[in-house]
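# An overview of the molecular structure
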Amino acid sequence: DQQVKQNSPSLSVQEGRISILNCDYTNSMFDYFLWYKKYPAEGPTFLISISSIKDKNEDGRFTVFLNKSAKHLSLHIVPSQPGDSAVYFCAASAIRSSGSARQLTFGSGTQLTVLP
Amino acid sequence: DAGVIQSPRHEVTEMGQEVTLRCKPISGHDYLFWYRQTMMRGLELLIYFNNNVPIDDSGMPEDRFSAKMPNASFSTLKIQPSEPRDSAVYFCASRQGTEKLFFGSGTQLSVL
């Protein structure tokens, strides 16, 4: 059972327009969320994160929105650029009652293609 | 820093053969993670270590999979015997004290 879901395997956007990538989660214990970006033949790299005490975090062209009641987060990229074409993974983590380290649970990824 | 280093970058082997994937984490990082990426399931956590000790291996799919971390700068993931369904990209990642994971470039494994 996937606790973090990215229901859109792919998304195409015109250069200069907004890209919106969505992510849903089922575990109400998740309290920290991240987005990773992955180019072909490379490992994922950290992009942006948000704590559950916030509903928005912005870093340049990238903004992450968190809707806790809907268990939904989204990544907005404005304006989109061809270099943003990559696979984007949503990830979430929770404090563990056992005291063991937080682990990241990843979604299946969304392939974003920004068309010139 | 060179980042997380994985080898080999590509591995092609025949069913039944033993496969060993290697990882050198970033110096000073005390957590090391092994992930597997497939089209259907995305990035799955297989096992992670803290200070060289395996903490959670519940993601390891079968007894054919094993992982070791003999010291702070080296870890291996072994599959014996390998099967075609093991074909995937295997990532190693490390971190120290935060949620921010640093990933290696991965090993593309193809089991024929």
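This report concerns the structure included in the present document. Nothing here was measured: the structure is a model prediction, and the numbers come from that model. (Residues numbered from 1 in each chain as written. Chains lettered and ligands numbered in written order. Predicted model: local features only at pLDDT ≥ 70, side-chain atom pairs only at ≥ 80, totals over all residues. Heavy atoms only, no water.)

### So, the overall build of chain A
A tally of helices and strands in chain A yields zero helices and 11 strands. Its C-alpha atoms give chain A a radius of gyration of 14 Å, near enough to 13 Å, the size a compact globule of 116 residues would have. The principal-axis extent of the C-alpha atoms belonging to chain A is close to 50 × 30 × 25 Å. Burial statistics for chain A: of 116 residues in total, 45% are counted as buried. In chain A, of all internal contacts separated by at least 6 residues, the share reaching a separation of at least 24 is 55%. If you sum the accessible surface of chain A, you get close to 5,600 Å²; carbon and sulfur atoms cover 49% of it. Between the centroid of the 11 positive side chains of chain A and the centroid of its 9 negative side chains there is a distance of 4 Å. (Helix = DSSP H or I, 4+ residues; strand = E, 2+ residues; numbered from the N terminus. Rg over C-alpha atoms; globule rule 2.2 N^0.38 Å. Buried < 20%, exposed > 50% of the residue type's maximum accessible area, 1.4 Å probe, protein only. Contact = heavy atoms within 4.5 Å. Areas by Shrake-Rupley, 256 points an atom, 1.4 Å probe, with all protein chains shown as cover. Lys, Arg positive; Asp, Glu negative; His and termini not counted. Charge placed at Lys NZ, Arg CZ, Asp CG, Glu CD.)

### Let's talk about the sheet that holds strand E1 (residues 4–5) of chain A
Residues and elements named next belong to chain A. With antiparallel pairing, the five strands of this open sheet are ordered in space as E1-E3-E8-E7-E6. Strand pairing shows two members of the sheet lacking a second neighbour, E1 and strand E6 (56–59), which therefore form its edges. Bridge count between strand E3 (residues 19–25) and strand E8 (residues 72–77): six bridges; the pairing is antiparallel. Residue Ile20 lies in a different strand from E8, and its bridge partner there is His76. (Pairing = 2+ DSSP bridges.)

### A few points about a nonpolar patch on the surface
All names here are of chain A. On the surface, Ile18, Ile20 and Val78 cluster together into a nonpolar patch covering about 220 Å² of accessible area. Relative to the helices and strands, Val78 resides in the loop between E8 and strand E9 (86–93). Of the residues examined, Val78 reaches a relative accessible area of 41% and is grouped as partly exposed. (Patch = residues over 30% accessible without salt bridge, like charges linked within 9 Å, V, L, I, M, F, W, Y side chains within 5 Å. Salt bridge = Lys/Arg side-chain N within 4 Å of Asp/Glu carboxyl O.)

### Re the pairing of strand E11 (residues 107–111) of chain B
Residue and element names in this part refer to chain B. Residue alternation in E11 divides its side chains into a buried set, Thr107, Leu109 and Val111, and an unburied set, Gln108 and Ser110. Bridge analysis of strand E2 (residues 10–13) against E11 gives four bridges, and the strand direction is parallel. Counted as the bridge partner of His10 is Gln108 from E11. One ladder, built from three bridges, connects strand E9 (residues 88–95) with E11; its direction is antiparallel. The residue bridging Val89 from the neighbouring strand is Gln108, located in E11.

### What to know about the interface of chain A and chain B
On the side of chain B, 20 residues touch chain A, which itself brings 21 residues to the contact. Together chain A and chain B conceal approximately 1,600 Å² of surface at their shared face, both sides included; 57% is due to carbon and sulfur atoms. Taken together, the connections running from chain A to chain B amount to zero salt bridges. Viewed at the interface, chain B and chain A are joined by five residue pairs in polar contact (both at pLDDT 80 or more). Considering every element that reaches the side of chain A that touches chain B, the biggest residue donor is strand E4 (residues 32–38) of chain A, with four residues. The residue inventory of the side of chain A that touches chain B, partitioned by class, reads 10 nonpolar, seven polar and four charged. (Buried area = accessible area lost by both parts, 1.4 Å probe. Polar contact = N/O pair within 3.5 Å; in protein donor to acceptor, adjacent residues only side chain to side chain. Nonpolar A, V, L, I, M, F, W, Y, C, P; charged D, E, K, R; others polar.)

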